Amino acid sequence: MNRIVFALLMGGTVLSASQGMKIYGAKCAECHGGDGKDVSVAGKPLAGAKGTLAKLSGYKNGTFGGEQKATMQASLADLSDADLKAVADYVDTLK
Ligand code: HEC
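Residues numbered from 1 in each chain as written. Predicted model: local features only at pLDDT ≥ 70, side-chain atom pairs only at ≥ 80, totals over all residues. Heavy atoms only, no water.

**Student:** Just checking my understanding: could you explain the nonpolar core for this structure?
**Tutor:** One recurring pattern in soluble globular proteins: nonpolar side chains tend to sit buried together. Among the nonpolar cores identified, the biggest contains 16 residues, and Tyr24, Leu56, Leu76 and Val87 are the most heavily contacted of them. Elements with a contribution of two residues or more to this core: helix 1 (2-27), helix 3 (52-61), helix 4 (69-76) and helix 5 (81-93). Setting aside residues up to four positions removed in sequence, Val87 forms contacts with Gly20, Ile23, Tyr24, Cys28 and Leu56. (Core = buried A, V, L, I, M, F, W, Y, C linked by side-chain atoms within 4.5 Å. Buried < 20%, exposed > 50% of the residue type's maximum accessible area, 1.4 Å probe, protein only. Helix = DSSP H or I, 4+ residues; strand = E, 2+ residues; numbered from the N terminus. Contact = heavy atoms within 4.5 Å.)

**Student:** How do you make sense of the site of the ligand when you look at a structure like this?
**Tutor:** Contacts to the ligand come from 24 residues, most closely from Cys28, Cys31, His32, Gly66 and Met72. One of the side-chain N or O atoms of His32 is found 2.8 Å from a nitrogen atom in the ligand. If you tally residues by element for the shell around the ligand, the top one is helix 4, at five residues. Each residue belonging to the shell around the ligand can be placed in one class, and the counts come to eleven nonpolar, seven polar and six charged. (Near = heavy atom within 4 Å. Polar contact = N/O pair within 3.5 Å; in protein donor to acceptor, adjacent residues only side chain to side chain. Nonpolar A, V, L, I, M, F, W, Y, C, P; charged D, E, K, R; others polar.)

**Student:** I keep staring at the packing of aromatic side chains and nothing clicks. Help me out?
**Tutor:** Within a pair of aromatic rings, the relevant descriptors are the distance that separates the centres and the angle that separates the planes. Under the defined criterion, the tally for this structure stands at two aromatic pairs. The interplanar angle of 55 degrees and the centroid separation of 5.5 Å between the aromatic rings of Tyr24 and Tyr90 together place this pair among those described as tilted. In this pair, Tyr24 is assigned in helix 1 and Tyr90 in helix 5, connecting sequence segments 66 residues apart. Neither Tyr24 nor Tyr90 differs from the other in exposure class; each is buried. (Phe/Tyr/Trp six-rings, centres within 6.5 Å; stacked < 30°, edge-to-face > 60°.)

**Student:** What should I look at first to understand the coordination of the iron atom of the ligand in this one?
**Tutor:** Surrounding the iron atom of the ligand are the protein donor atoms His32 (NE2) and Met72 (SD), which sit 1.9 to 2.0 Å from the metal. The class of His32 is buried, set by a relative accessible area of 10%. Its relative accessible area of 17% is what places Met72 among the buried residues. (Donors = N, O, S within 2.8 Å, 3.2 Å for Na, K, Ca; no water.)

Below you can see the structure in the form of structure tokens.
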């Protein structure tokens, strides 16, 4: 029984990781670069940064962001909480 639950949990994690990669490619790479290292738009790389989910949630609820935060708020507007988590987990893997 426990094994089945474990397998389901692992399956969910893998699903979320590939989902995050998909969202990143479709909605983030144009500004942040496919590898998260592009600094031309945001001024700093995403790769190597920590706490992405807190930043993304902060953009969404207005508690985080700099001068260009409206750009990020627009980029996140149609993502669900699950999408935010998936894409944040993916960004945290970028080095
Ligand atoms: C249209 C261009 C654009 C798109 C698309 C975009 N971003 Fe951004 N992103 C920016 C800009 C500009 C900033 C700097 C905003 C500010 O002043 O706070 C930023 C900032 C960020 C930051 C904060 C970096 C830090 O440490 O301060 C994170 C994290 C981030 N973006 C992740 C994402 C993710 C994930 C996506 C896809 C869901 C995404 N961005 C899509 C332009 C974009």
